[in-house]
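Chain by chain, the residues run as shown.
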Amino acid sequence: QVQLVESGGGLVQPGGSLRLSCVASGIIFRFYIMGWYRQAPGKQRELVASSSFGGSTIYAESVEGRFTISRDNGKNMVYLQMNSLKPEDTAVYYCNKSPTPWNNWGQGTQVTVSS
């Protein structure tokens, strides 16, 4: 059974940066496109970035040019570098398979962008 553990969130001022990390276990990591999702209060969870085993990436329009997804297939890890953060980026961030996530979600990591 897949297990996903996210970390790296926190409180940051607008314009700041954070790097999120996710480690996956219980799967053959290289088989899957991995994505970062986020869920803001009162909103549906949305996919913000995804990365294939070979490094092909897709970004939501709202984060294009500010966020960068990467992965270390040897360590079963996926990362999200977030720059030029905005208050509207405030959400709980999760990693999971893309485009159809597993039913098993991690606990997520809270990102709060506020002055």
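What you are looking at is a predicted structure, and each value in this text was computed from that prediction instead of being measured. (Residues numbered from 1 in each chain as written. Predicted model: local features only at pLDDT ≥ 70, side-chain atom pairs only at ≥ 80, totals over all residues. Heavy atoms only, no water.)

**Some thoughts on the overall build of the protein chain**
Summing up its helical and strand segments, the protein chain has zero helices and 10 strands in all. In the protein chain, the succession of helices and strands from N to C terminus is β-β-β-β-β-β-β-β-β-β. A globule of 115 residues ought to have a C-alpha radius of gyration of about 13 Å, and the protein chain, at 13 Å, matches this closely. Considered along the principal axes of its C-alpha atoms, the protein chain spans approximately 40 × 25 × 20 Å. Relative to its full complement of 115 residues, the protein chain shows a buried share of 46%. (Helix = DSSP H or I, 4+ residues; strand = E, 2+ residues; numbered from the N terminus. Rg over C-alpha atoms; globule rule 2.2 N^0.38 Å. Buried < 20%, exposed > 50% of the residue type's maximum accessible area, 1.4 Å probe, protein only.)

**Points about the nonpolar core**
With 29 residues, the main nonpolar core has L4, W36, V78, L80, M82 and Y93 as its most contacted residues. The set of elements that each furnish at least two residues to this core consists of β3 (18–25), β4 (34–39), β5 (46–51), β7 (67–72), β8 (77–82), β9 (91–97) and β10 (109–113). Considering each element in turn, this core owes the most residues, four residues, to β3. (Core = buried A, V, L, I, M, F, W, Y, C linked by side-chain atoms within 4.5 Å.)

**Some points on the packing of aromatic side chains**
By the definition in use, this model includes four aromatic pairs. Here Y94 and W105 contribute two aromatic rings whose centre-to-centre distance is 5.7 Å and whose plane-to-plane angle is 80°, an arrangement assigned as edge-to-face. Linking Y94 in strand β9 with W105 in the loop between β9 and β10, this pair joins segments that are 11 residues apart in sequence. With a relative accessible area of 11%, Y94 lands in the buried category. By way of ring pairs, the aromatic residues F31, Y32 and W102 are connected into one cluster. Lying across the ring of Y79, R19 places its NZ or CZ 4.0 Å from the centre. Positioned over the ring face of W102 is K97, at 5.7 Å from the centre of the ring. (Phe/Tyr/Trp six-rings, centres within 6.5 Å; stacked < 30°, edge-to-face > 60°. Lys NZ or Arg CZ within 6 Å of the ring centre and 35° of its normal.)

**So, unusual backbone geometry**
Here the amide bond leading from S98 into P99 is cis, since omega sits at 0°, within 30 degrees of zero. As for its placement among the helices and strands, P99 is situated in the loop between β9 and β10. Even without being glycine, N76 reaches a positive phi, approximately 55°. Counting through the fold element by element, N76 comes out in the loop between β7 and β8. Phi is positive for S84, close to 50°, though the residue is something other than glycine. Taking the relative accessible area as the measure of exposure, S84 reaches 41% and is therefore partly exposed.

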